[in-house]
Amino acid sequence: MSRHPIRFGLQTGQQNVDWMTLRDFWQKADGWGYDSLWNFDHFYPIFTDPSGPCLEAWTTLAALSQVTSNARIGHLVNGNTYRNPALVAKMAATLDHASAGRFVLGIGAGWFEHEHESLGVDFKTVRGRLEALDESLRILRGMFTEEKTTFHGKHYTVNGAMCVPKPLQKPHPPILIGGTGEKVLLRIVAEHANMWNAMGSVDQMRHRIEVLHRHGESVGRDAGTIEKTVGMMLCYRATKEREKVMTGIVANMRQVTQGAARDLMMVGDRDECLERIGRYVAVGVTHFIFMLIAPYFADEVQAFAEEVIPAAREM
C-alpha cells in the first residue's frame, strides 16, 4: 500500500499562449478537481521556435494563485541557475502566503543551454550545476526554518540570511526536485526532497525508484516518504489523427520511436488509462502530471477529470 494518495496535476508551459487563455484554463482546471497546477521556468519557448511568446514564470504563477483556490501550485521546475537561492527563499515564502499555503517549490539543476547563453547566465558544467543545486537547497531549507542562515559554499555564500515572514507551511513548502541522474541527482533528491518528478516509462521509473531507495539508505532517509511524480503528455479519447500527432511530438522530444513514445503518455480510452495508472502505482508512482501544449484541448482535460480520476482514486 502506497503512503501517498493517487493525485493528478496539469502543467501548462506558458509559451505560445496569451494571458487570458492561460488564466481562464487554470480557473477551470482548479474546479475540475486536479490536485496540482504547474507552469514552467523558461524565458523562451522550448522544443519549438524560441523567438515565440513566453510569459515569465514567477510573475505568472503569483497572478494565477489569485484565480485558483483548491489545487497546489508550483513550477515544474525552477532552473536553479537563474536566481540566487536567498532570493528564491524570499519569493517562495511570499508566494506561499499569497496562495494560502498551496505553494510547492519545484527546482532542478537547469538544462536549456541556449537560454543561458542568450541571457548571459552561467550554464556551468553538469557537475557544477548539480553542486550548485545541492548548495541552494541547503540555503533554502535553512532560510525557511532558521532565524538566520550562514553558508559558505563553492557557488553560493550567505551570511546571517533572514527570511521573514517564514512560509505558512511548516516546516516549509514541499520541495519537489526534478531530474533523473542516478549517481548525483537522485542522491540530492534522497537528502532534500519531499517530492520527485521525472519522465519515463513504467520500467524506467521502477529502476529509478530502486536507485532512489538505495540513496536513501546511504543518507539515512526513508525514500518511501518522498512522493514520486511522473510527467507525461495527455491524449484522452482523442482522434487517431491527434494521437498520431501527439506521439510524434513525444517521439521527437525523447528521441524514441512512436511506439515507445506511446508508453510515455497517458493516452487512449478510460480503461487503457486506468490500466496504465495501475502499472505506475504498482512501482511507486502516485502523482501524474500532464504536460499540456497550447492549445490545451480543454474538453479532453475535463473529460479525464470526470471519467478517470474518480475511479483511479479508488485503486
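Residues numbered from 1 in each chain as written. Predicted model: local features only at pLDDT ≥ 70, side-chain atom pairs only at ≥ 80, totals over all residues. Heavy atoms only, no water.

Draft legend 1. Quick look at the pairing of strand S6 (residues 149-152). Burial along S6 is one-sided: the residues Thr149 and Phe151 are buried and none of Thr150 and His152 is. With three bridges joining them, S6 and strand S7 (residues 157-161) adopt antiparallel strand pairing. Of the residues in S7, the one forming a bridge with His152 is Thr157. The antiparallel hairpin formed by S6 and S7 contains four residues in its connecting segment. (Buried < 20%, exposed > 50% of the residue type's maximum accessible area, 1.4 Å probe, protein only. Helix = DSSP H or I, 4+ residues; strand = E, 2+ residues; numbered from the N terminus. Pairing = 2+ DSSP bridges.)

Draft legend 2. Region of interest: the nonpolar core. Within the largest apolar cluster, 79 residues are counted, with the highest numbers of intra-cluster contacts made by Phe8, Tyr34, Ile177, Phe288, Phe290 and Phe304. When residues in this core are grouped by element, the largest group, eight residues, is from helix H5 (residues 126-145). When residues no more than four places from it in sequence are discounted, the contact partners of Phe304 are Phe8, Tyr34, Leu234, Tyr236, Met266, Cys273, Ile277, Phe290 and Ile309. Core analysis: the next-biggest nonpolar cluster, separate from the first, contains 11 residues, Met233, Ala251, Val267 and Met291 among them. (Core = buried A, V, L, I, M, F, W, Y, C linked by side-chain atoms within 4.5 Å. Contact = heavy atoms within 4.5 Å.)

Draft legend 3. Examining the side chain of Asn78 more closely. Turning to its location among the elements, Asn78 is positioned in strand S4 (residues 78-79). In terms of polar contacts, Asn78 uses its side chain to reach the side chain of His75, at 3.2 Å. In this structure, Asn78 is in contact with Asp41, Trp58, Arg83, Leu105, Gly106, Ile107 and Gly108, ignoring residues within four places of it in sequence. (Polar contact = N/O pair within 3.5 Å; in protein donor to acceptor, adjacent residues only side chain to side chain.)

Draft legend 4. Seen up close, the pattern of salt bridges. Inspection of the entire model under this criterion finds 21 salt bridges. Residue Asp222 is joined to Arg3 by a salt bridge in which the shortest nitrogen-to-oxygen separation is 2.5 Å. Residue Asp222 is located in the loop between helix H7 (202-219) and strand S10 (227-232), and its partner Arg3 is located in the segment before strand S1 (7-12); the two are separated by 219 residues in the primary sequence. Given the relative accessible area of 55%, Arg3 is considered exposed. The salt bridge involving Arg313 is made with Asp35; its shortest N-O contact spans 3.1 Å. One end of the pair, Arg313, is in helix H12 (residues 309-313); the other, Asp35, is in the loop between helix H1 (19-32) and strand S2 (36-39), and 278 residues separate them in sequence. Overlapping salt bridges bring together Asp134, Arg138, Arg187 and Glu191 as one network. (Salt bridge = Lys/Arg side-chain N within 4 Å of Asp/Glu carboxyl O.)

Draft legend 5. Molecular detail of the pairing of strand S13 (residues 287-292). Most of S13 is tucked away, with six of its six residues classed as buried. Burial along S13 is two-sided: the face carrying His287, Ile289 and Met291 and the face carrying Phe288, Phe290 and Leu292 are both buried. Where S1 lies against S13, six bridges are found, and the strand directions are parallel. Directly across from Arg7, in S13, lies its bridge partner His287. Two elements, S10 and S13, share four bridges in a ladder whose sense is parallel. Its bridge partner lying in S13, Gly231 is registered against Ile289.

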